[in-house]
Amino acid sequence: MAENVAASGSNDDDGTREQDQLLPIANVGRIMKQVLPPNAKISKEAKETMQECVSEFISFVTSEASDKCRKERRKTVNGDDVCCALAALGFDDYAAPLRRYLNRYRELGGDNKDKANNNNNSNEDKEEQSSLKFSMIGSSKNSNMRPFD
């Protein structure tokens, strides 16, 4: 762990810094706090470890989704590709709720570019979309990542 922290300013072979490949640590800490009791503390080491783990997990799943797109001669990875990648990698417990989330997101018009550009969304639509974003995190406290059961 110490080596990674010390090397975070170094460049990889492709010229990118390790810190540019990781999720921002403040965001990781904020997500971690959402599932802990209000008085819980999180060490810097725990945040850094989680930061590396989630970044690696995202790269792993994205690589699988990208391979699927390449085989199908497509250039854009979409939500369905990510769900398929999770299932193909054995993360069925995550693929099913993510698919339900994705379908609900699309029902609310979150995947509609025209709607986003028109700014005609009512405050209720915006609030519902915002609460949907965090429904998976909030429900994971009480269940096994099954927010829409």
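Up top you'll find the structure we're talking about.
The sections below set out a description of the structure shown in this document. It should be emphasised that the depicted structure is a prediction, and the values quoted were computed from it without experimental measurement.

**Points about the nonpolar core**
Okay, step 1: In this structure, Val61, Ala65, Ala85, Leu86 and Ala95 together form the largest nonpolar core, which totals five residues.
Okay, step 2: Secondary structure elements with two or more residues in this core: α4 (44–71) and α5 (79–88).
Okay, step 3: Leaving out residues up to four positions away in the same chain, Leu86 has contacts with Phe57, Val61, Phe91, Asp92, Tyr94, Ala95 and Leu98.

**Thoughts on α5**
Okay, step 1: For α5, the set of buried residues is Asp81, Cys83, Ala85 and Leu86.
Okay, step 2: Looking at where α5 begins, the residue whose side-chain oxygen comes 3.0 Å from the main-chain nitrogen of Asp80 is Asn78.
Okay, step 3: Just downstream of α5, Gly90 is the residue with a positive phi angle, here 90 degrees.

**Regarding the state of the cysteines**
Okay, step 1: Following the criterion strictly, the structure yields zero disulfides and no others.
Okay, step 2: With no disulfide of its own, Cys83 lies 7.0 Å from the sulfur of Cys84, the closest cysteine sulfur.
Okay, step 3: Cys83 gets classed as buried once you look at its relative accessible area, which sits at 1%.

Quick notes on the rules
Residues numbered from 1 in each chain as written. Predicted model: local features only at pLDDT ≥ 70, side-chain atom pairs only at ≥ 80, totals over all residues. Heavy atoms only, no water. Core = buried A, V, L, I, M, F, W, Y, C linked by side-chain atoms within 4.5 Å. Buried < 20%, exposed > 50% of the residue type's maximum accessible area, 1.4 Å probe, protein only. Helix = DSSP H or I, 4+ residues; strand = E, 2+ residues; numbered from the N terminus. Contact = heavy atoms within 4.5 Å. Polar contact = N/O pair within 3.5 Å; in protein donor to acceptor, adjacent residues only side chain to side chain. Disulfide = S-S within 2.5 Å.

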